[in-house]
Amino acid sequence: MTARYDLEVFAGTDETVVFELVTVDQAALDVAGSTFVARLVAAGELVGEAALTPIEADRAAVLEWRIDRETTAALAERAMLAQRIAYRLDRETADGRLRTYAHGAVNATSPAGGVRARSATHDTAVRDKPTTIRLTIDVE
């Protein structure tokens, strides 16, 4: 079953989303031979894609997805045009099987103060910690 988690990003800021993948026994998911990709889709169009490299930490396979400030600004502009924005986290195994582990809406907004995305400039991130999503995967 695919988990649904909605994300919020702020225009013109660097954002980090961390996915922690564990088994039902709370052990790190075996990800050997797998490829992970995070994708951003707006109005049915692929607007961003990033290959994620897993590391093992704290008894979890950890994937760190960095969304740069140019991308968050572009997403906020699309949101102002009332375009729906979504993401998905996919795993492709060595035998070619594709499985989506997480998906959801991406709410892209301007930071507090209502600054328009195309004119926003920020030297610091709005958040000092990444968004962390812990996914429990039922091993097949």
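Computed from a predicted structure; not experimentally measured. For every chain, the first residue of its written sequence is number 1, and the numbers climb from 1 along that sequence. Local features in this predicted model are restricted to residues of pLDDT 70 or higher, and side-chain atom pairs are both shown and tallied only at a pLDDT of 80 or more, whereas totals for entire chains, interfaces and linings draw on every residue. To get the side-chain values, take all heavy atoms of the structure and skip hydrogens and water.

1. So, the overall build of the chain
Right, so step 1: Where helices and strands are cited, they refer to DSSP runs of H or I of at least four residues and of E of at least two residues respectively, numbered from the N terminus. Counting secondary structure elements, the chain contains one helix and ten strands.
Right, so step 2: Its helices and strands in sequence order give the chain the pattern β-β-β-β-β-β-β-α-β-β-β, from N to C terminus.
Right, so step 3: Out of the 140 residues in the chain, the part that is buried amounts to 38%.
Right, so step 4: Counted over contacts in the chain with a minimum sequence separation of 6, partners at least 24 positions apart contribute 73%. Burial status follows relative accessibility: with a 1.4 Å probe on protein chains alone, a residue under 20% of its type maximum counts as buried, one over 50% as exposed, and anything between as partly exposed. It only takes one pair of heavy atoms within 4.5 Å for two residues to be counted as in contact.

2. Quick notes on the environment of Gly12
Right, so step 1: Examined against the element boundaries, Gly12 turns out to sit in the loop between β2 (7–10) and β3 (15–23).
Right, so step 2: You can call Gly12 buried: its relative accessible area is 9%.
Right, so step 3: With 64 residues separating them along the chain, Gly12 and Ala76 place their C-alpha atoms 8.6 Å apart.

3. Observations regarding the layout of surface pockets
Right, so step 1: The computed volume of the largest pocket comes to approximately 240 Å³.
Right, so step 2: Looking at the lining of the largest pocket element by element, the count peaks at three residues for strand β9 (residues 98–109).
Right, so step 3: When grouped by side-chain class, the residues that make up the lining of the largest pocket number eight nonpolar, four polar and six charged. Space inside and on the surface of the protein is sampled on a 1 Å grid over the protein atoms alone, with a cavity defined as a set of points where a 1.4 Å probe fits but cannot get out and a pocket as an open set with protein on both sides within 12 Å along at least 5 of 7 lines; lining residues have an atom within 4 Å of a point. Grid points are joined across faces, edges and corners, and a volume is the space filled by probe spheres set on the points. Each residue gets one label: Ala, Val, Leu, Ile, Met, Phe, Trp, Tyr, Cys and Pro are nonpolar, Asp, Glu, Lys and Arg are charged, and the others, such as Gly, are polar.

4. Structural notes on the nonpolar core
Right, so step 1: Joining through side-chain atoms within 4.5 Å is the link that ties buried Ala, Val, Leu, Ile, Met, Phe, Trp, Tyr and Cys residues into a set, and such a set is a nonpolar core. The biggest cluster of nonpolar side chains holds 29 residues, and the ones touching the most others in it are Phe19, Leu21, Trp65, Tyr87, Leu89, Tyr101 and Leu135.
Right, so step 2: Where this core is concerned, the elements lending two or more residues are β2, β3, β4 (35–42), β7 (60–67), α1 (69–80), β8 (85–92), β9 and β10 (131–137).

5. Remarks on the pattern of salt bridges
Right, so step 1: Salt bridges are identified by distance alone: a Lys or Arg side-chain nitrogen within 4 Å of an Asp or Glu carboxyl oxygen. In the structure shown here, the tally under the stated rule is eight salt bridges.
Right, so step 2: A salt bridge links Asp90 to Arg39, with the shortest nitrogen-to-oxygen separation between them at 2.6 Å. Taken together, the positions of Asp90 in strand β8 and Arg39 in strand β4 put the pair 51 residues apart, joining distant regions of the chain.
Right, so step 3: Classification of Asp90 as buried rests on a relative accessible area of 2%.
Right, so step 4: For Arg78, the salt bridge identified is with Glu45, shortest N-O distance 3.6 Å.

6. Description of the environment of Glu77
Right, so step 1: With respect to the element layout, Glu77 can be found in helix α1.
Right, so step 2: Under the relative-accessibility criterion, Glu77 is labelled partly exposed at 27%.

7. Brief notes about the confidence of the model for the chain
Right, so step 1: The quantity known as pLDDT measures the predictor's confidence residue by residue, on a range of 0 to 100. Of the residues in the chain, 86% reach a pLDDT of 70 or more, and the chain-wide mean stands at 86.
Right, so step 2: Confidence over residues 115–125 falls short of pLDDT 50; this stretch has 18 contacts with residues more than four positions distant or in other chains.

8. Things to note about the environment of Glu92
Right, so step 1: Relative to the assigned elements, Glu92 resides in strand β8.
Right, so step 2: Distance from Glu92 to Ser34, taken between C-alpha atoms, is 5.5 Å for residues 58 residues apart in sequence.
Right, so step 3: Residues in contact with Glu92, not counting those within four places in the same chain, are Gly33, Ser34, Thr35, Arg97 and Leu98.

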